[in-house]
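# Architecture and fold: a report
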Amino acid sequence: MKSSYLITKEEILKLYKPIDSKAHKGTQGHAVIIAGSYGKIGAAVLASKSCLKTGCGLVTTFVPKCGYQILQISILEVMVATDENVNFITNIHLPLIPQAVGFGPGIGKELGTQKALFEFLRVNKAPLVLDADALNIISENLSWLELVPEDTILTPHPKELERLIGKWNSEAEKFQKTIAFSEKYKVIVVMKGAPTFIINRTSVYENTTGNAALATAGSGDTLTGILTSLLAQGYEPKYASKFGVYLHGLTADLALPKTGYESFTASTIIKYLGKAFLELEN
Ligand SMILES: NC(=O)C1=CN([C@@H]2O[C@H](COP(=O)(O)OP(=O)(O)OC[C@H]3O[C@@H](n4cnc5c(N)ncnc54)[C@H](O)[C@@H]3O)[C@@H](O)[C@H]2O)[C@@H](O)CC1
Ligand SMILES: Nc1ncnc2c1ncn2[C@@H]1O[C@H](COP(=O)(O)OP(=O)(O)O)[C@@H](O)[C@H]1O
Ligand SMILES: [Mg+2]
């Protein structure tokens, strides 16, 4: 198997850009989260909250109509734009030009949602994170990846990765196929797992934070929010991907002595994001 570089605190400190004292919400990036469908609006809430709590100035979340009140009530700071359809996304109209977009948590695979994703990819120029059902849709339409900005970040868990690259017979083959995929489509693949690896063309990076507390519903949805936030703040995708997975894992390492494995939830990740940033300064 190809040897990997470790994503350590030392590495992260080299790329971390502390907030400037003259910063205001307009300088901190406006992120858009496109997520959710009936019964999975929680995915949109988790991604949006984690996006905001990773430091970007403004977050607008695009959901089907059924998500409007849920979002507005559960996160006061996030702005909400809605699809014309009630239960799933069919036609994406954004009331702004975003600095980054996170697309996929909880969107489902309805035909209308597939068309909306395709139309979005045709026009979008913003740095992009693709997760969950966006990946599942794309795995059946791989040529759509020719439309995405170079260095788009894909965040598959092992099942989603299999849908994208096909089955593998060994760990070595999994890495080989993911490297070939990253090279072919010029994308960064965050291979989520224990541990998470980042594949950027032929380079392989292994995360050093995180533990089994993260094995909980919505854990990946929060990672999408974190990564989108970093992109919106101007981190290049190759740095945002490393910083994002490191921070995400660090929340679990910091929380574990307080929560134990069992009671740790995706909301705990969000709660500990501030402590994870502070830990960088220790
Ligand atoms: N509160 C919410 O609204 C939530 C919404 N979610 C959304 O629900 C949709 C479905 O997501 P799922 O990921 O459950 O469905 P998938 O069908 O993509 O993945 C589930 C399958 O993948 C396997 N798998 C997952 N992680 C694995 C790992 N680390 N190793 C080996 N196998 C693994 C599971 O065993 C299962 O067979 C997504 O859009 C997701 O964003 C989930 O994030 C859960 C919470
Ligand atoms: N045992 C584990 N150790 C470390 N990280 C884990 C473990 N289990 C899951 N994770 C992390 O949790 C996240 C799960 O993402 P995902 O499966 O997409 O969740 P969801 O779709 O429910 O939001 C990934 O970042 C993964 O690396
Ligand atoms: Mg997921």
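Reading the values: the criteria
- Residues numbered from 1 in each chain as written.
- Chains lettered and ligands numbered in written order.
- Predicted model: local features only at pLDDT ≥ 70, side-chain atom pairs only at ≥ 80, totals over all residues.
- Heavy atoms only, no water.
- UniProt positions renumbered as here; feature names shortened; annotations may be inferred.
- Helix = DSSP H or I, 4+ residues; strand = E, 2+ residues; numbered from the N terminus.
- Rg over C-alpha atoms; globule rule 2.2 N^0.38 Å.
- Buried < 20%, exposed > 50% of the residue type's maximum accessible area, 1.4 Å probe, protein only.
- Areas by Shrake-Rupley, 256 points an atom, 1.4 Å probe, with all protein chains shown as cover.
- Lys, Arg positive; Asp, Glu negative; His and termini not counted.
- Charge placed at Lys NZ, Arg CZ, Asp CG, Glu CD.
- Phe/Tyr/Trp six-rings, centres within 6.5 Å; stacked < 30°, edge-to-face > 60°.
- Lys NZ or Arg CZ within 6 Å of the ring centre and 35° of its normal.
- Near = heavy atom within 4 Å.
- Polar contact = N/O pair within 3.5 Å; in protein donor to acceptor, adjacent residues only side chain to side chain.
- Pairing = 2+ DSSP bridges.
- Nonpolar A, V, L, I, M, F, W, Y, C, P; charged D, E, K, R; others polar.
- Core = buried A, V, L, I, M, F, W, Y, C linked by side-chain atoms within 4.5 Å.
- Contact = heavy atoms within 4.5 Å.

Going by the annotation in an unreviewed UniProt entry, the name recorded for the chain is ADP-dependent (S)-NAD(P)H-hydrate dehydratase, with Flavobacterium humidisoli given as the source organism. Looking at the chain in UniProt, the text filed under Function (unreviewed entry) is "Catalyzes the dehydration of the S-form of NAD(P)HX at the expense of ADP, which is converted to AMP. Together with NAD(P)HX epimerase, which catalyzes the epimerization of the S- and R-forms, the enzyme allows the repair of both epimers of NAD(P)HX, a damaged form of NAD(P)H that is a result of enzymatic or heat-dependent hydration." Its UniProt record gives the chain a comment under Cofactor (unreviewed entry), which states: "Mg(2+)".

The helix and strand inventory of the chain stands at 11 helices and 10 strands. The C-alpha atoms of the chain give a radius of gyration of 17 Å, which matches the 19 Å a tight globule of 282 residues would have. Each principal axis of the C-alpha distribution contributes one length, and for the chain these read about 50 × 45 × 40 Å. Counting across all 282 residues of the chain, residues that qualify as buried make up 54%. Counting every atom, the chain has about 12,500 Å² of accessible surface; 53% of that belongs to carbon and sulfur. Looking at charge distribution, the chain has the averaged site of its 28 positive side-chain charges lying 2 Å from that of its 26 negative ones.

For the rest of this paragraph, the subject is the packing of aromatic side chains. Evaluation of the coordinates by the stated rule reveals 9 aromatic pairs. The ring of Tyr272 carries the charged tip of Lys275 above its face, separated from the ring centre by 5.0 Å.

Contacts to ligand 2 come from 15 residues, most closely from Lys192, Gly193, Gly218, Gly220 and Asp221. Here an oxygen atom of ligand 2 and a side-chain polar atom of Ser219 are 3.0 Å apart. Taken by itself ligand 2 offers 580 Å² of open surface, and the protein chains cover 76% of this. Among the elements that make up the shell around ligand 2, the one with the highest residue count is helix H8 (residues 219-232) (3 residues).

The next subject is the sheet that holds strand S3 (residues 58-63). Whenever strands of a sheet pair, they do so through backbone hydrogen bonds, lying parallel or antiparallel. Spatial ordering of the open sheet is given by S1-S10-S9-S8-S7-S6-S5-S2-S3-S4, a layout of 10 strands whose pairing is mixed. Each edge of the sheet is formed by a strand with only one pairing partner; in this case those strands are strand S1 (5-7) and strand S4 (79-82). Bridge count for strand S2 (residues 30-34) against strand S5 (residues 100-103) is 4 bridges, and the pairing is parallel. Note that in S5 the partner of Ile34 across the bridge is Phe103.

The next thing to look at is the site of ligand 1. Around ligand 1 there are 16 residues in total, and Gly106, Asp133, His157, Arg163 and Asp221 lie nearest to it. In the model, an oxygen atom of ligand 1 is placed 2.8 Å from a nitrogen or oxygen of the Arg163 side chain. Elements that contribute at least two residues to the shell around ligand 1 include exactly helix H2 (41-52), helix H5 (132-139) and helix H6 (158-165). The biggest single contributor to the shell around ligand 1 is H6, with 4 residues. Looking at side-chain class alone, the shell around ligand 1 contains 5 nonpolar, 5 polar and 6 charged residues.

On to the nonpolar core. Leu71, Ile153 and Phe243 are the most contacted members of the largest nonpolar core, which has 51 residues in total. At the level of secondary structure, the elements contributing two or more residues to this core comprise helix H1 (9-15), S2, H2, S3, strand S8 (188-191), H8, helix H9 (237-259) and helix H11 (273-280). By residue number, the principal contributor to this core is H9, which donates 9 residues. Setting aside its immediate chain neighbours within four residues, Leu71 contacts Ile41, Ala44, Val45, Ser48, Thr61, Val63, Val78 and Val80. Ranked by size, the runner-up nonpolar core spans 38 residues in total, among them Ile107, Leu117, Leu154 and Met191.

Glancing now at the UniProt feature "binding site: (6S)-NADPHX" (unreviewed entry) in the chain. Following the UniProt record, the feature "binding site: (6S)-NADPHX" (unreviewed entry) maps to Ala43, Gly106, His157 and Asp221 here. Within the secondary structure, Gly106 sits in the loop between S5 and helix H4 (111-123). Apart from residues lying up to four places away in sequence, Gly106 is in contact with Gly36, Ser37, Lys40, Ala43, Ala132 and Asp133. In this fold, Asp221 is placed in helix H8. Overall, Asp221 belongs to the buried group, its relative accessible area being 14%.

A separate point is the environment of Glu236. Inspection of the secondary structure puts Glu236 in the loop between H8 and H9. Judged by relative accessible area, Glu236 falls into the partly exposed class, the value being 42%. Distance in space between the C-alpha atoms of Glu236 and Pro127 is 8.8 Å, their sequence separation being 109 residues.

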